[in-house]
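Read off the chains here:
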Amino acid sequence: MALIHRGIHRLGYARIALKDSRLLKTREFYTHEMGLLETGIEPNRVMFRCWHEPYKFSFVVDQSDKPGLVEIGLHVRDDIDLDNFQRKLTAAGVAVDVAEADTELKGLGKSIVFDVPAGPRIRLFADIQQLGYVSGFEGPDWVAPKAIRGTAAPLNINHVAITSPDPERCSAFLADMLGFLTSEKIVDEKGKTISALLFRMAKNVGGQEIAIYPGTEVKLHHIAFTKEDSSDIMSDGYFLKSDGVELDLLGPLRQPYGNTFSVHFFDYCGVRLELCAVGRMTEVHPEIQPVVWSTSNLREALSYYDEALVPEEFFMPCL
Amino acid sequence: MAVSRLSYLSIRALDLAASEKHYTEVVGLRVTGRSPGQVYLQAHEAQDHHCIILNASDRAGLDHVGFKVNDPNDLHEAEAGAKAWGLKTHRVAAGNVMGQGEGLSIELPSGHTFNLFYHSDKVGYSYGMKDPDIILENLNGVWPVTHLDHTLLAGNDCDKTAKFLQEVLDFNLTECIHGPDGNPFAFFLTVSNTIHNVAFAPGPPNSLHHIAFYVSDRADVIRRVDMLKHRKVATFDYGISRHGVAGVTTVYFHDPSGNRNEFQCGVYEASVVRNKIPPIVWAGENIPRGVFYYESAVLANFFEVVT
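Please read these numbers as outputs of a predicted model, since none were measured by experiment.

Trainee: Any details on the pattern of salt bridges? Residues and values, ideally.
Mentor: According to the stated counting rule, one finds 35 salt bridges over all chains in the structure shown. In this structure, A:Lys192 and A:Asp166 form a salt bridge, with 4.0 Å as the shortest nitrogen-oxygen distance. Of this pair, A:Lys192 sits in the loop between strand S10 (181-187) and strand S11 (193-199) while A:Asp166 sits in the loop between strand S9 (156-164) and helix H3 (167-178), placing them 26 residues apart in sequence. Judged by relative accessible area, which is 23%, A:Asp166 ranks as partly exposed. Here B:Asp220 and B:Arg223 are joined by a salt bridge, their closest N and O atoms 3.9 Å apart. Of this pair, B:Asp220 and B:Arg223 both sit in helix H4 (residues 218-230), separated by three residues, roughly a single helical turn. With a relative accessible area of 5%, B:Asp220 lands in the buried category.

As structure tokens, then:
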């Protein structure tokens, strides 16, 4: 007899598609400004990881005529988890496709993929190629490699934010089918959820792996990466600005919704990115209670500082 | 299911009033309960009933450690697993620990007692759970710690203890320190995505090395060291430092009973899928840099002083 952690263990990757001519510009941005490490290049694809991640990739950009969020990859423990999820989803009438190892993405093990109602496409996998830590496994300095200092060089992917025409339905599916829990949510006057921050991890820059915002259709809102703390966010803000990167919103902001300190900005192709710190320490436990925000306090929830922030503009998707 | 988080440490206090003052005014916790000879405290940004229990005592040190599980049936499974390992267990009645449901107490080979339980009463975040203004007033110069992060325990049979926690309670080994014989002697273990919820190093049975509280910014660690010095709280000789292990920013200090505390900031994320990523190894000449990165030297009293 033994206890065992089951289900989704971590956010594995975000995968987006951009129109073909943009891929070279994208590579330059993500290596020279974002400070990600390029780990795979194929004719129509480029893969990146953050310097603190031991796995092959956490961010994938495809060349495609259909730009958008392709899928969110979530890492489960083993094939038992994959089988359990496949059975549960199929029983609920969800169409599930299976991809053998290395067929969908090089370095990815066997995976199952499905569409979340009013939500993103999700791919679950148990195995992904390991490159090991860049700082090694023996007495590592845990310092960003010299080649990417002066760039944002985040430690990890943190969360993916999407817009949804039905945030309540989308978050209910993620909770019921995949075991996600809610750290914070925004409800309207009728008690309907218009936005939710969902998690499966308990990390120190935490509280969300998938953020759902209201919108007319399922689109990417932003992809967020983890930084050490708020001081880092400030210096990242002026490094990016001085390099001519377009900052979003009103510069660095404290966001009571999620309790983060962050800066949002756009890559050369208009993809919105976030560097974030702080956030909620969560617990994967059925009794955890979310913070609940009213739509009447929406502006204050989205930014503690910026009275000029317009929530409708904030919620605009990017891709 | 599984162990979901380090919940609390129940520790001993020589002078209960002095300890309460320390944990509220120096660490920045709030009092959430009292009973004769006991004070319960919690961080402002944690929602369970407590993360520290102070017990009036004639000595310093640890009473027991609380871990939560996320399924009530986990207590049966853990009980069977512990018995199969020949470890002593007993049930702890609901309410025996204030604000808490039934528990299962396991005596580890290291001499420490872990109390596993499912339910904690919710006190919520200090600023409330609905439309919170996230800034707290009247903190007397102490910006709150966000949560209890981890503890380092000292005891015997650390290797056997770490093995039990991995094999029966599904803890994940993230980093370890090896001795000259090539065998690990200190173990950093997690049930979450942080580098460690609990660590074990050799020492007298059932000893406490330190209790770590999380702060969100390195700048805040600096201000805290300034405040510790200003308030003449005994700190470890290095003042502010960085651990090579996990690369976190840190300062150590002592509560009035001599129990060591730590403020820590660092977002190291453990790659938690079990048995996929090998543990980081600190050995030989790397060890001093692993313990104190800048100084790359470990003063003898760092490991030797435990309560």
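Trainee: Which residues make up the packing of helix H2 (residues 79-91) of chain A against H3(A), and what values go with them?
Mentor: All names here are of chain A. In contact at an axis separation of 10 Å, H2 and H3 are set at 125° when each is read in the N-to-C sense. When the interaxial angle is binned, H2 and H3 end up oblique. Together, Phe85, Lys88 and Leu89 of H2 and Phe173, Asp176, Met177 and Leu178 of H3 make up the contact between the two elements. Taken together, the residues that form the contact of H2 with H3 break down as five nonpolar, no polar and two charged.

Trainee: How would you summarise the domain arrangement of chain A if you had to cite specific residues and measurements?
Mentor: Residue and element names in this part refer to chain A. You can read the domains of chain A as domain 1 (8-133) and domain 2 (153-314). Distance from the C-alpha centre of domain 1 to the C-alpha centre of domain 2: 20 Å. Listed per partner, the contact involves 41 residues of domain 1 and 39 residues of domain 2. The junction of domain 1 with domain 2 conceals about 3400 Å² of combined surface from both sides, 75% of it contributed by carbon and sulfur atoms. Counting the contacts that link domain 1 with domain 2 gives zero salt bridges. Across the domain 1-domain 2 interface, the total number found is eight residue pairs in polar contact (both at pLDDT 80 or more). The biggest single contributor to the side of domain 1 that touches domain 2 is strand S1 (residues 8-18), with nine residues. In terms of residue class, the side of domain 1 that touches domain 2 is built from 27 nonpolar, seven polar and seven charged.

Trainee: If you had to explain the sheet that holds strand S2 (residues 37-42) of chain A to someone new, which residues and values would you point to?
Mentor: All names here are of chain A. With respect to topology, eight strands assemble into an open sheet ordered S2-S3-S4-S1-S5-S8-S7-S6, the strand pairing being mixed. Bordering the open sheet on either side are S2 and strand S6 (97-99), each of which pairs with just one other strand. Within the sheet, the average angular offset between the axes of one strand and its neighbour, ignoring direction, is 20°. Sheet analysis places strand S7 (residues 111-115) next to strand S8 (residues 121-125), joined by five bridges and oriented antiparallel. Paired with Asp115 across the strands is Arg121, a residue of S8.

Trainee: Which residues make up empty space enclosed by the protein, and what values go with them?
Mentor: Residue and element names in this part refer to chain B. Under the criterion given, the structure shown has eight cavities of 30 Å³ or more. What the largest cavity holds in volume is close to 210 Å³. Taken together, 21 residues make up the lining of the largest cavity; nearest its centre are Leu152, Phe188, His210, His243 and Tyr252. Elements with a contribution of two residues or more to the lining of the largest cavity: strand S9 (147-155), strand S11 (184-190), strand S12 (198-202), strand S16 (260-265), helix H5 (287-291) and helix H6 (300-304).

Rules used throughout
Residues numbered from 1 in each chain as written. Chains lettered and ligands numbered in written order. Predicted model: local features only at pLDDT ≥ 70, side-chain atom pairs only at ≥ 80, totals over all residues. Heavy atoms only, no water. Salt bridge = Lys/Arg side-chain N within 4 Å of Asp/Glu carboxyl O. Helix = DSSP H or I, 4+ residues; strand = E, 2+ residues; numbered from the N terminus. Buried < 20%, exposed > 50% of the residue type's maximum accessible area, 1.4 Å probe, protein only. Axes fitted to C-alpha atoms, helices over the stretch in contact; angles between N-to-C directions. Parallel < 35°, antiparallel > 145°, perpendicular 65-115°, else oblique. Contact = heavy atoms within 4.5 Å. Nonpolar A, V, L, I, M, F, W, Y, C, P; charged D, E, K, R; others polar. Domains from an automatic or database assignment. Buried area = accessible area lost by both parts, 1.4 Å probe. Polar contact = N/O pair within 3.5 Å; in protein donor to acceptor, adjacent residues only side chain to side chain. Pairing = 2+ DSSP bridges. 1 Å grid on protein atoms, 1.4 Å probe; cavity = no way out; pocket = protein on both sides within 12 Å on 5 of 7 lines; lining within 4 Å. Points joined across faces, edges and corners; volume = space filled by probe spheres on them.

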